[in-house]
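What follows is each chain in one-letter form.
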Amino acid sequence: MIQLKTLLNCIDNSGATIVECVRNMGMKRHGGVGDRIIVVVQKARSMGDSGPGNTTATGGANKVRRGDIRHAIIVRTRKKYQRKDGMVVRFDDNACALIGKNGDPIGTRINGVVGAELREKQQSKILSLASMHV
């Protein structure tokens, strides 16, 4: 259950690490896996990281900065929920992936597991970028 002021991990490579929910796009009070929300970037990766994979002097271009307002899709929640087949699912953290206004993901890679409910909500682009879905 993601509601106003909830902090989420951003699991794509768009440049954000921690985001805060400021609006649920549905008509509900809280959002679940597959729902669209509006977030504010609270913490972003630094621009000057020169890790082993970065060959440029600036460390790669981040697509978002601290304070940016973006749309996101919820991919994991800590709250338990029951699927139609009776399985109860609970993740270790609250996480999201940033998307553009047209629904395309901002990042090109998603790190970690995402919920299979994204398939029912027509978010197949995020499912194809993820390494694993449960």
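Residues numbered from 1 in each chain as written. Predicted model: local features only at pLDDT ≥ 70, side-chain atom pairs only at ≥ 80, totals over all residues. Heavy atoms only, no water.

**Re the confidence of the model for the chain**
- Confidence along the chain averages 89 in pLDDT terms, with 90% of residues attaining 70 or more.
- Contacts of residues 55–59 to residues separated by more than four positions or lying in other chains number 5 contacts, the stretch itself having pLDDT below 50. (pLDDT = per-residue confidence, 0-100. Contact = heavy atoms within 4.5 Å.)

**Quick notes on unusual backbone geometry**
- Phi at Lys5 is positive, roughly 75°, even though this residue is not glycine.
- Mapped onto the fold, Lys5 is located in the segment before β1 (7–10).
- The exposure class assigned to Lys5 is exposed, which follows from its relative accessible area of 57%.
- At Gln122, a residue that is not glycine, the phi angle is positive and equals roughly 60°.
- By the secondary structure assignment, Gln122 is in the loop between α1 (117–120) and α2 (124–129). (Helix = DSSP H or I, 4+ residues; strand = E, 2+ residues; numbered from the N terminus. Buried < 20%, exposed > 50% of the residue type's maximum accessible area, 1.4 Å probe, protein only.)

**So, the environment of Cys21**
- Checked against the element boundaries, Cys21 lands in strand β2 (residues 16–24).
- Residue Cys21 is classed as buried on the basis of its relative accessible area, which comes to 1%.
- When the C-alpha atoms of Cys21 and Met132 are compared, they prove to be 24 Å apart, with 111 residues separating the residues in sequence.

**A word on the pattern of salt bridges**
- On inspection of all chains with the given rule, the structure shows 7 salt bridges.
- The closest approach of N and O atoms between Lys5 and Glu20, which form a salt bridge, is 3.2 Å. Placement of the pair is Lys5 in the segment before β1 and Glu20 in strand β2, with a sequence separation of 15 residues.
- For Asp104, the salt bridge identified is with Lys125, shortest N-O distance 2.4 Å. Here the residue Asp104 occupies a position in the loop between β7 (95–99) and β8 (110–114), and Lys125 occupies one in helix α2, the gap between them amounting to 21 residues.
- When its relative accessible area of 29% is taken as the criterion, Asp104 is described as partly exposed.
- A relative accessible area of 45% means that Lys125 is categorised as partly exposed.
- Counted as one network, the salt bridges with shared partners bring together Lys28, Asp35 and Lys121. (Salt bridge = Lys/Arg side-chain N within 4 Å of Asp/Glu carboxyl O.)

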